[in-house]
Amino acid sequence: DTGVSQNPRHKITKRGQNVTFRCDPISEHNRLYWYRQTLGQGPEFLTYFQNEAQLEKSRLLSDRFSAERPKGSFSTLEIQRTEQGDSAMYLCASSLAGYVGDYGYTFGSGTRLTVV
Amino acid sequence: QKEVEQNSGPLSVPEGAIASLNCTYSDRGSQSFFWYRQYSGKSPELIMFIYSNGDKEDGRFTAQLNKASQYVSLLIRDSQPSDSATYLCAVRGAGSYQLTFGKGTKLSVIP
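The present account deals with the structure reproduced in this document. (Residues numbered from 1 in each chain as written. Chains lettered and ligands numbered in written order. Predicted model: local features only at pLDDT ≥ 70, side-chain atom pairs only at ≥ 80, totals over all residues. Heavy atoms only, no water.)

1. Describing the side chain of Gln6(B)
Residues and elements named next belong to chain B.
Point 1. Checked against the element boundaries, Gln 6 lands in strand β1 (residues 4–6).
Point 2. Gln 6 sits in the buried class, given a relative accessible area of 13%.
Point 3. A distance of 2.9 Å separates the side chain of Gln 6 from the backbone oxygen of Tyr 87, its partner in a polar contact.
Point 4. In this structure, Gln 6 is in contact with Asn 22, Cys 23, Trp 35, Tyr 87, Leu 88, Cys 89, Gly 102, Lys 103, Gly 104 and Thr 105, ignoring residues within four places of it in sequence. (Helix = DSSP H or I, 4+ residues; strand = E, 2+ residues; numbered from the N terminus. Buried < 20%, exposed > 50% of the residue type's maximum accessible area, 1.4 Å probe, protein only. Polar contact = N/O pair within 3.5 Å; in protein donor to acceptor, adjacent residues only side chain to side chain. Contact = heavy atoms within 4.5 Å.)

Here it is as structure tokens:
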């Protein structure tokens with residue numbers, strides 16, 4: 001499978017707990033993005049990496065959210081002290097430098113987070 | 001605040017008809033424009049991109065861009081029931097790699 005892989009597919013957690021999601025991009029893609037999508041809304045940008053450098057962060061990304069991409073390969077998104085408002089689909093996407101303006105992103109299947 | 005507006009629908013068309021989906025955007029510096037299809041419970045799938053004024057055709061799909069009017073549209077010819085999905089318009093601004101998405105238009109193709 002050469003697509004964008006996200007794990008887990010579903011996560012149910014209690015309010016106040018920490019959760020971590022993983023994204024494995026398409027192997028030759030050096031750009032990686034995290035988005036969040038709630039029901040009835042389009043995806044909202046969270047953050048962007050080029051290789052291991054985090055180059056853009058949305059104001060939506062509060063201090064409870066942290067993302068890493070060690071060695072420019074897979075990425076993790078951690079949410080600390082989860083709140084019910086964090087319930088959403090978390091989407092990871094990747095692209096190849098020099099083509100994102102033309103070819104757009106390839107999204108993974110997403111991780112659906114439910115905070116109870 | 002960069003905004004992308006779409007009619008939420010639902011838009012219902014009979015099988016075989018042309019479906020027309022519209023999108024407006026607020027940022028005049030926007031450079032690239034994308035249409036994604038999203039089936040219920042699935043992630044968005046890129047179907048078209050356009051960055052120059054005019055039309056771009058790919059099979060049954062045609063994307064149209066008018067930067068002066070800040071308007072982009074997607075036409076689906078010979079609509080099929082399998083085209084029933086939510087169609088998301090996305091825009092990339094100058095100097096940024098993030099996409100701003102609209103809320104999507106739900107399309108229903110009636111057999």
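2. Considerations on the sheet that holds strand β1 (residues 5–7) of chain A
All names here are of chain A.
Point 1. Reading across the sheet, the 4 strands line up as β1-β3-β8-β7 and stay open at both edges, with antiparallel pairing between neighbours. Pairing within the sheet leaves two strands with one partner each, and these edge strands are β1 and β7 (65–68). When strand polarity is set aside, the average angle formed by the axes of neighbouring strands in this sheet is 15°.
Point 2. Of the strand pairs in this sheet, strand β3 (residues 19–24) and strand β8 (residues 75–79) are connected by 5 bridges, and their pairing is antiparallel. Following the sheet pairing, Val 19 is matched in β8 by Ile 79. (Pairing = 2+ DSSP bridges. Axes fitted to C-alpha atoms, helices over the stretch in contact; angles between N-to-C directions.)

3. Re the environment of Thr100(B)
Residue and element names in this part refer to chain B.
Point 1. Structurally, Thr 100 can be placed in strand β10 (residues 99–101).
Point 2. Residue class for Thr 100 comes out buried when judged on its relative accessible area of 19%.
Point 3. The spacing of Thr 100 and Val 4 is 96 residues in sequence and 6.8 Å in space, taken between C-alpha atoms.
Point 4. In contact with Thr 100, other than residues within four places in its own chain, are Lys 2, Val 4, Cys 89, Ala 90 and Val 91.

4. Focus on the state of the cysteines
Residues and elements named next belong to chain B.
Point 1. All chains considered together, the criterion is met by 2 disulfides over all chains.
Point 2. The disulfide bridge from Cys 23 ends at Cys 89, spanning 2.1 Å between sulfur atoms. Here the S-S torsion is close to -70°, and the disulfide linking Cys 23 with Cys 89 is therefore left-handed. Separated by 66 residues along the polypeptide, Cys 23 in strand β3 (residues 19–25) and Cys 89 in strand β9 (residues 85–92) bring together distant segments of the chain. You'll find Cys 23 and Cys 89 in the same group, each marked buried. (Disulfide = S-S within 2.5 Å.)

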